[in-house]
Each structure stands twice: as C-alpha cells, then as structure tokens.
Amino acid sequence: MKSPLLALPGAVPAEGADEGVAAHYGDIFREQRNLSRGTGFVDLSHRGVVTVTGADRLAWLHLLLTQHVSGLEPQHATEALVLSPNGHVEHALYLVDDGTTTWAHVEPGTQEALVGYLESMKFFYRVEVADATADYAVVHLPAGSTGSVEGAAAVRELPYGRDLFVPRAELAERAAGYGPAAGVWAYEALRIEGHRPRLGFETDHRTIPHEVDWLRTAVHLQKGCYRGQETVARVHNLGRPPRRLVFLHLDGTEETLPPHGTEVRLASDPDGRALGVVTSSARHHELGPIALAVVKRNVPVDAVLLAGTVPGTQDVIVPQ
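In this report, the structure presented in the accompanying data block is examined.

**A closer look at the overall build of the protein**
Looking only at helices and strands, the protein has 7 helices and 18 strands in total. Relative to the 2.2 N^0.38 estimate, which gives 20 Å for 320 residues, the radius of gyration of the protein is 20 Å and therefore close to what a compact globule would have. C-alpha extents for the protein along the principal axes are approximately 60 × 50 × 30 Å. Residues counted as buried form 54% of the 320 residues belonging to the protein. Looking at the protein alone, contacts between residues at least 24 apart form 65% of all its contacts between residues at least 6 apart. Accessible surface computed for the protein: about 14,100 Å², of which carbon and sulfur atoms make up 52%. Taking the 28 positively charged and 39 negatively charged side chains of the protein as two groups, their mean positions are separated by 4 Å.

Shown next as structure tokens:
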C-alpha cells in the first residue's frame, strides 16, 4: 500500500520490505536526532494490522501465542510470537487490547498468512479475526513526543515511544499535527541501536526465540502449553541456542554498509569459514555505522569480526 505521506517534501521511497513508505525525507541524521529528542513521527503505514474481537479473544490468543495474554489489561502493550511445531518463529505480533478489541501490527505482507492461521484455530471460541490493514495505519511517535493521540483507534505505549493505530483515510490529516516526518531509515537506526529484532531481518526459517533475545520481550516462560513450547522450554532449561544476536560497532572508514545477508568471519581469519551473517545495518547519528548480526554461539565475545570486509567489535545481546 503506497502511503499518501510520500507526497511530503523531500520524501524518498523505501525499497524492499519497507516499500510503500518513505526511506527518508532528505536528511537521515536530522531525522534521527529529531526522534531521539522526542519530536516528529515515523510513517509505518505499510505494516499489517490485524484485529481480534469477541468475548473469548484473550483466552483464545493465550493458547496460541508465546506471551501471557489471558489477563492482558486494557492499554498495556506487549509482544508475542507464533511458533512452528518445532519452535521456529513464524510471526511476530505487537499487541495492545483496548477492552473490546485486541490490536496487532505485524511485518508488511505477513498479515494474510497470520489471519489464515488464526482462522484455522477458531474452533468453538467466540472470536472474530480481521485483516484491518486497509482501514488502519500505524504511526510511531518517539518517547517524549507531545503529538496528540486523539482520534487513534488504539495506542501502544512503549519505553521508546508510542505506536498509534489511526484510520487510514485520516493518515495525511493527522500526520500534519505530529511534527516533522522521519523515514524508516531513521527508525531502523534507532531500532538497531536498541537491539530490537525484526522478523525477516534477524530471523530465518530456523530461528528460535532464544537466539534473538525474544525470550526477554515476547515469550512468557511460565505460561501453559502453546505450539512450539516444548522447544522453548528444552533449550531454556537444558541447553543454549545454537546462534546468538550481537550488536556490531563497524569501522567508520568504510563507505558502504554491509547489507542483510553479508557473511561474518573472524577478522583474525578473513579467509576462514563464515560464522554468521549481518541481519540489519544503518548509519547512526552518534554511533556511526552499526549493525546487528546473528553468529554461532561459540564465537568469542571479544573477537573482532569482519562483516564482509568491514571490521566490527561486538556488544553482547544474547549470552554465550
């Protein structure tokens, strides 16, 4: 879905997974600084929106998701995953319940498959699932923003800002009151800085939640059974995940960033075997070039790594 905010001055369209919104509006560092200071907004209207209504919605979702949501209080934001029977991550949901409806935004293009799965699991529960992407758009306001949330259908309050579900037909009108626009490149740089994984970037078909730090934010280890729960419990209690997410401070002298999928090796053995891959990278307004990567668990935490040809030092996210 092409955002009407691409008509704003300076808008440069994003490509790939973020197609449909602006990558930036002419100055990526100014846009990052604005967000860091609590001003402006990010157009995330390309993301999918799914709603669940009905008296049984929270109890039903509790059976399907990795998060404890049976008693989710109104206006309390949380994250949850849908796993395969073998415990691999299939969907990531960013949730809030308003007392009558559970709202979730998801990665662009994944909402149809998610709705299909949820529909297949309804059985006799009093729930209704809908793909609301055509009717609602997601807007992000940074922490400290004074932008009004009036008129939003739902709001997710987060440590790093607010996610608003706004009527899509009113997106352009409401955005005018949120302050200067920032593109998804600025949002991604701050996401990488915050070590927040993203489905399809930090994940592949083999990813389990432990590898990318989703145990901390999207999995409740004491809740009852759900699909894939056996893998989650076994790896948590008896072993360690085969891979781990790391944050990389990249050499600032290189002109290009290593793209998603770039192989990672030890700087001390540049011709050796690949030990992982870059999953996301960005230029940060303070930190310079940064990246997230998924590497084998036994890679020494103090080792200098090569992301392609770019050296980088590690910050530990998931312990060895």
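**Observations regarding a nonpolar patch on the surface**
A contiguous nonpolar surface patch, about 520 Å² in accessible area, is contributed by Leu 63, Phe 123, Phe 124 and Tyr 125. A residue is classified by how much of its surface remains accessible, and Leu 63, at 41% relative accessible area, is partly exposed.

**Examining empty space enclosed by the protein**
Taken as a whole, this structure holds 2 cavities of 30 Å³ or more when the rule is applied. In this structure, the largest cavity encloses a volume near 40 Å³. Looking at the largest cavity, the residues that line it are Val 50, Thr 51, Val 52, Leu 61, Leu 93, Leu 95, Thr 102, Ala 104 and Leu 118. Of all the secondary structure elements, the ones that give two or more residues to the lining of the largest cavity are strand 4 (48-53), strand 6 (89-97) and strand 7 (101-106). Broken down by element, the lining of the largest cavity gets its largest block of residues, 3 residues, from strand 4. Class assignment for the residues of the lining of the largest cavity results in 7 nonpolar, 2 polar and no charged. Roughly 30 Å³ of volume is contained in the second largest cavity. What lines the second largest cavity is Leu 250, Asp 251, Glu 254, Thr 256, Leu 257, Pro 258, Arg 283, Pro 289 and Val 310.

What counts and what doesn't
- Residues numbered from 1 in each chain as written.
- Predicted model: local features only at pLDDT ≥ 70, side-chain atom pairs only at ≥ 80, totals over all residues.
- Heavy atoms only, no water.
- Helix = DSSP H or I, 4+ residues; strand = E, 2+ residues; numbered from the N terminus.
- Rg over C-alpha atoms; globule rule 2.2 N^0.38 Å.
- Buried < 20%, exposed > 50% of the residue type's maximum accessible area, 1.4 Å probe, protein only.
- Contact = heavy atoms within 4.5 Å.
- Areas by Shrake-Rupley, 256 points an atom, 1.4 Å probe, with all protein chains shown as cover.
- Lys, Arg positive; Asp, Glu negative; His and termini not counted.
- Charge placed at Lys NZ, Arg CZ, Asp CG, Glu CD.
- Patch = residues over 30% accessible without salt bridge, like charges linked within 9 Å, V, L, I, M, F, W, Y side chains within 5 Å.
- Salt bridge = Lys/Arg side-chain N within 4 Å of Asp/Glu carboxyl O.
- 1 Å grid on protein atoms, 1.4 Å probe; cavity = no way out; pocket = protein on both sides within 12 Å on 5 of 7 lines; lining within 4 Å.
- Points joined across faces, edges and corners; volume = space filled by probe spheres on them.
- Nonpolar A, V, L, I, M, F, W, Y, C, P; charged D, E, K, R; others polar.

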